[in-house]
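# Understanding the architecture of this molecule
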Amino acid sequence: MRLVLLGPPGAGKGTQADRLVERHGIVKLSTGDMLRAAIAGGTELGRKAQPIMDRGDLVPDALVIGIIGDRLAEPDARRGFVLDGFPRTVAQAEGLAELLESRGLALDAVIEIEVDESALLDRIQTRARESAVARSDDDPEVAKRRFAVYREQTAPVSGHYRAKGMLKTVDGMQSIEEVSAAIERALLVPTGAPNRPRNG
Ligand code: ADP
(Lines give C-alpha, C1' and ligand atoms only; values in the text may rest on other atoms or scores of the structure.)
Protein backbone atom coordinates (compact mmCIF):
# COMPACT_ATOMS: atom_id res chain seq x y z
CA MET A 1 0.00 0.00 0.00
CA ARG A 2 1.33 3.41 -0.99
CA LEU A 3 -0.32 6.39 0.63
CA VAL A 4 -0.01 10.13 1.09
CA LEU A 5 -1.40 11.89 4.16
CA LEU A 6 -2.33 15.55 3.74
CA GLY A 7 -3.48 18.09 6.30
CA PRO A 8 -2.38 21.31 7.98
CA PRO A 9 0.26 21.46 10.73
CA GLY A 10 -1.14 19.85 13.88
CA ALA A 11 -3.84 17.85 12.04
CA GLY A 12 -2.49 14.58 13.42
CA LYS A 13 -0.76 13.27 10.29
CA GLY A 14 2.20 11.86 12.22
CA THR A 15 -0.02 10.01 14.72
CA GLN A 16 -2.20 8.54 11.99
CA ALA A 17 0.85 7.63 9.90
CA ASP A 18 2.23 5.65 12.87
CA ARG A 19 -1.06 3.75 13.15
CA LEU A 20 -1.07 2.96 9.42
CA VAL A 21 2.47 1.61 9.80
CA GLU A 22 1.36 -0.75 12.58
CA ARG A 23 -1.79 -1.93 10.84
CA HIS A 24 -0.44 -2.38 7.35
CA GLY A 25 3.25 -3.24 7.82
CA ILE A 26 4.39 -0.32 5.70
CA VAL A 27 7.03 2.31 6.48
CA LYS A 28 6.45 5.94 7.36
CA LEU A 29 8.40 8.44 5.32
CA SER A 30 8.26 11.82 7.05
CA THR A 31 10.27 14.59 5.43
CA GLY A 32 10.00 16.62 8.67
CA ASP A 33 11.62 13.74 10.63
CA MET A 34 14.28 13.24 7.93
CA LEU A 35 15.15 16.95 7.94
CA ARG A 36 15.31 17.05 11.75
CA ALA A 37 17.60 14.00 11.67
CA ALA A 38 19.82 15.78 9.14
CA ILE A 39 20.00 18.81 11.43
CA ALA A 40 20.81 16.64 14.46
CA GLY A 41 23.48 14.84 12.44
CA GLY A 42 25.07 18.12 11.32
CA THR A 43 24.94 17.14 7.63
CA GLU A 44 25.11 19.64 4.79
CA LEU A 45 21.40 19.11 4.12
CA GLY A 46 20.72 19.86 7.78
CA ARG A 47 22.77 23.05 7.67
CA LYS A 48 20.78 24.23 4.64
CA ALA A 49 17.40 23.25 6.05
CA GLN A 50 17.71 24.56 9.60
CA PRO A 51 17.30 28.33 9.08
CA ILE A 52 14.41 27.71 6.66
CA MET A 53 12.60 25.39 9.08
CA ASP A 54 13.22 27.78 11.99
CA ARG A 55 11.31 30.47 10.08
CA GLY A 56 8.44 28.12 9.24
CA ASP A 57 9.14 28.23 5.50
CA LEU A 58 9.48 25.31 3.12
CA VAL A 59 12.80 23.73 2.24
CA PRO A 60 13.37 23.86 -1.57
CA ASP A 61 11.42 21.28 -3.58
CA ALA A 62 14.53 19.77 -5.17
CA LEU A 63 16.01 18.98 -1.74
CA VAL A 64 12.97 17.15 -0.40
CA ILE A 65 12.26 15.37 -3.70
CA GLY A 66 15.90 14.21 -3.56
CA ILE A 67 15.62 12.81 -0.03
CA ILE A 68 12.33 11.07 -0.83
CA GLY A 69 13.85 9.60 -4.01
CA ASP A 70 16.77 8.18 -2.01
CA ARG A 71 14.46 6.83 0.66
CA LEU A 72 12.09 5.17 -1.84
CA ALA A 73 15.06 3.30 -3.29
CA GLU A 74 15.73 1.56 0.05
CA PRO A 75 14.48 -2.04 0.33
CA ASP A 76 12.07 -1.50 3.24
CA ALA A 77 10.01 0.95 1.15
CA ARG A 78 9.16 -1.82 -1.30
CA ARG A 79 6.44 -3.28 0.91
CA GLY A 80 4.65 0.06 0.86
CA PHE A 81 4.80 3.42 2.59
CA VAL A 82 2.85 6.31 3.97
CA LEU A 83 4.20 9.74 3.18
CA ASP A 84 3.78 12.25 6.02
CA GLY A 85 4.52 15.91 5.29
CA PHE A 86 5.32 15.29 1.62
CA PRO A 87 4.31 16.44 -0.97
CA ARG A 88 3.84 19.97 0.38
CA THR A 89 3.72 21.77 -2.97
CA VAL A 90 2.21 20.89 -6.35
CA ALA A 91 5.77 20.71 -7.75
CA GLN A 92 6.62 18.10 -5.10
CA ALA A 93 3.50 16.12 -6.07
CA GLU A 94 4.68 16.17 -9.68
CA GLY A 95 8.19 15.14 -8.60
CA LEU A 96 6.73 12.25 -6.61
CA ALA A 97 4.67 11.10 -9.60
CA GLU A 98 7.85 11.00 -11.69
CA LEU A 99 9.78 9.10 -9.01
CA LEU A 100 7.02 6.50 -8.74
CA GLU A 101 6.48 6.22 -12.47
CA SER A 102 10.17 5.59 -13.05
CA ARG A 103 9.85 2.59 -10.70
CA GLY A 104 6.59 1.38 -12.23
CA LEU A 105 4.67 2.24 -9.05
CA ALA A 106 1.55 4.28 -8.29
CA LEU A 107 -0.14 5.69 -5.21
CA ASP A 108 -3.16 3.80 -3.87
CA ALA A 109 -4.72 6.82 -2.20
CA VAL A 110 -4.20 10.32 -0.88
CA ILE A 111 -5.94 10.96 2.42
CA GLU A 112 -6.62 14.44 3.62
CA ILE A 113 -7.27 14.99 7.33
CA GLU A 114 -9.61 17.96 7.51
CA VAL A 115 -9.54 20.10 10.64
CA ASP A 116 -10.85 23.35 11.94
CA GLU A 117 -7.93 25.77 11.76
CA SER A 118 -8.75 27.68 14.94
CA ALA A 119 -8.32 24.45 16.94
CA LEU A 120 -4.91 23.82 15.45
CA LEU A 121 -2.90 26.63 16.98
CA ASP A 122 -4.12 25.35 20.37
CA ARG A 123 -2.97 21.83 19.55
CA ILE A 124 0.44 23.06 18.44
CA GLN A 125 0.81 25.16 21.58
CA THR A 126 -0.10 22.15 23.73
CA ARG A 127 2.45 20.05 21.85
CA ALA A 128 5.06 22.78 22.44
CA ARG A 129 4.36 22.72 26.21
CA GLU A 130 4.19 18.94 26.58
CA SER A 131 6.99 17.91 24.29
CA ALA A 132 10.18 16.71 26.00
CA VAL A 133 12.25 17.97 23.10
CA ALA A 134 11.29 21.54 22.19
CA ARG A 135 10.62 22.05 18.49
CA SER A 136 11.67 25.56 17.55
CA ASP A 137 8.93 25.65 14.89
CA ASP A 138 6.20 25.11 17.51
CA ASP A 139 6.85 28.69 18.68
CA PRO A 140 3.54 30.62 18.19
CA GLU A 141 4.90 33.13 15.67
CA VAL A 142 6.54 30.40 13.62
CA ALA A 143 3.37 28.31 13.86
CA LYS A 144 1.41 31.20 12.31
CA ARG A 145 3.91 31.41 9.48
CA ARG A 146 3.57 27.66 8.91
CA PHE A 147 -0.21 28.06 8.53
CA ALA A 148 0.24 30.86 6.00
CA VAL A 149 2.68 28.67 4.06
CA TYR A 150 0.22 25.80 4.27
CA ARG A 151 -2.62 27.89 2.83
CA GLU A 152 -0.50 29.34 0.04
CA GLN A 153 1.61 26.38 -1.02
CA THR A 154 0.23 23.14 0.42
CA ALA A 155 -3.57 23.53 0.27
CA PRO A 156 -3.42 23.43 -3.59
CA VAL A 157 -1.96 19.90 -3.36
CA SER A 158 -5.42 18.61 -2.31
CA GLY A 159 -7.02 20.05 -5.45
CA HIS A 160 -4.23 18.54 -7.54
CA TYR A 161 -5.08 15.04 -6.27
CA ARG A 162 -8.83 15.66 -6.27
CA ALA A 163 -8.65 16.43 -10.01
CA LYS A 164 -6.96 13.06 -10.50
CA GLY A 165 -9.72 11.28 -8.57
CA MET A 166 -7.22 10.18 -5.90
CA LEU A 167 -8.28 12.28 -2.90
CA LYS A 168 -10.20 10.90 0.06
CA THR A 169 -11.08 13.20 2.94
CA VAL A 170 -11.66 12.32 6.58
CA ASP A 171 -12.92 14.48 9.43
CA GLY A 172 -9.94 15.15 11.71
CA MET A 173 -11.98 16.79 14.49
CA GLN A 174 -12.65 13.47 16.22
CA SER A 175 -10.70 11.22 18.59
CA ILE A 176 -7.52 9.53 17.33
CA GLU A 177 -9.43 6.21 17.24
CA GLU A 178 -12.29 7.67 15.23
CA VAL A 179 -9.97 9.34 12.72
CA SER A 180 -8.11 6.04 12.30
CA ALA A 181 -11.36 4.18 11.72
CA ALA A 182 -12.43 6.78 9.16
CA ILE A 183 -9.11 6.35 7.33
CA GLU A 184 -9.54 2.56 7.26
CA ARG A 185 -13.06 2.94 5.85
CA ALA A 186 -11.81 5.40 3.23
CA LEU A 187 -9.13 2.91 2.17
CA LEU A 188 -11.79 0.29 1.43
CA VAL A 189 -13.43 2.54 -1.17
CA PRO A 190 -11.70 2.12 -4.54
CA THR A 191 -9.97 5.23 -5.82
CA GLY A 192 -11.76 6.82 -8.77
CA ALA A 193 -10.28 6.81 -12.23
CA PRO A 194 -8.69 10.11 -13.30
CA ASN A 195 -11.37 12.74 -13.99
CA ARG A 196 -14.05 10.10 -14.19
CA PRO A 197 -17.36 11.77 -15.06
CA ARG A 198 -20.24 11.18 -12.66
CA ASN A 199 -23.07 8.93 -13.81
CA GLY A 200 -26.22 10.67 -14.99
P1 ADP B 1 4.23 19.06 10.93
O2 ADP B 1 4.12 17.58 10.92
O3 ADP B 1 4.18 19.65 12.30
O4 ADP B 1 3.30 19.74 9.99
P5 ADP B 1 6.83 18.62 9.70
O6 ADP B 1 7.57 17.92 10.75
O7 ADP B 1 6.24 17.83 8.59
O8 ADP B 1 5.67 19.48 10.38
O9 ADP B 1 7.76 19.75 9.01
C10 ADP B 1 8.52 20.67 9.75
C11 ADP B 1 9.23 21.62 8.80
O12 ADP B 1 10.11 20.89 7.95
C13 ADP B 1 8.32 22.39 7.82
O14 ADP B 1 7.78 23.55 8.39
C15 ADP B 1 9.30 22.69 6.67
O16 ADP B 1 10.15 23.76 6.97
C17 ADP B 1 10.15 21.43 6.63
N18 ADP B 1 9.58 20.43 5.70
C19 ADP B 1 9.09 19.21 6.01
N20 ADP B 1 8.64 18.57 4.94
C21 ADP B 1 8.83 19.40 3.89
C22 ADP B 1 8.55 19.33 2.49
N23 ADP B 1 7.93 18.27 1.97
N24 ADP B 1 8.89 20.39 1.72
C25 ADP B 1 9.48 21.46 2.23
N26 ADP B 1 9.77 21.62 3.53
C27 ADP B 1 9.45 20.60 4.36
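Residues numbered from 1 in each chain as written. Predicted model: local features only at pLDDT ≥ 70, side-chain atom pairs only at ≥ 80, totals over all residues. Heavy atoms only, no water.

### Here we look at the environment of I39
By secondary structure assignment, the location of I39 is in helix α2 (residues 31-40). In this structure, the C-alpha to C-alpha distance between I39 and R103, residues 64 residues apart in sequence, is 29 Å. (Helix = DSSP H or I, 4+ residues; strand = E, 2+ residues; numbered from the N terminus.)

### Here we look at the site of the ligand
With respect to spatial proximity, 19 residues lie near the ligand, and among them T31, R36, D57, Q92 and R146 are the closest. One of the backbone N or O atoms of V59 is found 3.1 Å from a nitrogen atom in the ligand. In the model, a nitrogen atom of the ligand is placed 2.9 Å from a nitrogen or oxygen of the Q92 side chain. In the complex, 96% of the free accessible area of the ligand, which totals 560 Å², lies under the protein chains. The dominant element in the shell around the ligand, judged by the number of residues it contributes, is α2, at 4 residues. Along the lines of polarity and charge, the residues of the shell around the ligand split into 7 nonpolar, 4 polar and 8 charged. (Near = heavy atom within 4 Å. Polar contact = N/O pair within 3.5 Å; in protein donor to acceptor, adjacent residues only side chain to side chain. Areas by Shrake-Rupley, 256 points an atom, 1.4 Å probe, with all protein chains shown as cover. Nonpolar A, V, L, I, M, F, W, Y, C, P; charged D, E, K, R; others polar.)

### Some remarks on the sheet that holds strand β4 (residues 109-114)
Read from one edge of the open sheet, 5 strands run β2-β3-β1-β4-β5, paired in parallel fashion. With one partner strand each, in any of the chains shown, β2 (27-30) and β5 (167-171) form the two edges of the open sheet. Averaged over all adjacent pairs, the angle separating strand axes in this sheet is 25°, with direction ignored. Note that β4 and β5 share 5 bridges and pair parallel. Paired with I111 across the two strands is K168, which belongs to β5. On top of the sheet, helix α8 (residues 176-188) reaches β1 (2-6), β4 and β5; it is set at about 155° to β5, its chief contact. (Pairing = 2+ DSSP bridges. Axes fitted to C-alpha atoms, helices over the stretch in contact; angles between N-to-C directions. Contact = heavy atoms within 4.5 Å.)

### Some remarks on helix α5 (residues 90-102)
Between its first and last C-alpha, α5 extends 19 Å over 13 residues, near the 18 Å set by a 1.5 Å rise per residue. Positioned one or two residues after α5, G104 has a phi angle of 70°, which is positive. (Expected span 1.5 Å × (residues − 1).)

### Structural notes on the confidence of the model for the chain
The predicted model of the chain averages 90 in pLDDT, with 92% of residues at 70 or higher. Across residues 195-200, confidence stays below pLDDT 50; counting only partners more than four residues off in sequence or on other chains, it has 2 contacts. (pLDDT = per-residue confidence, 0-100.)

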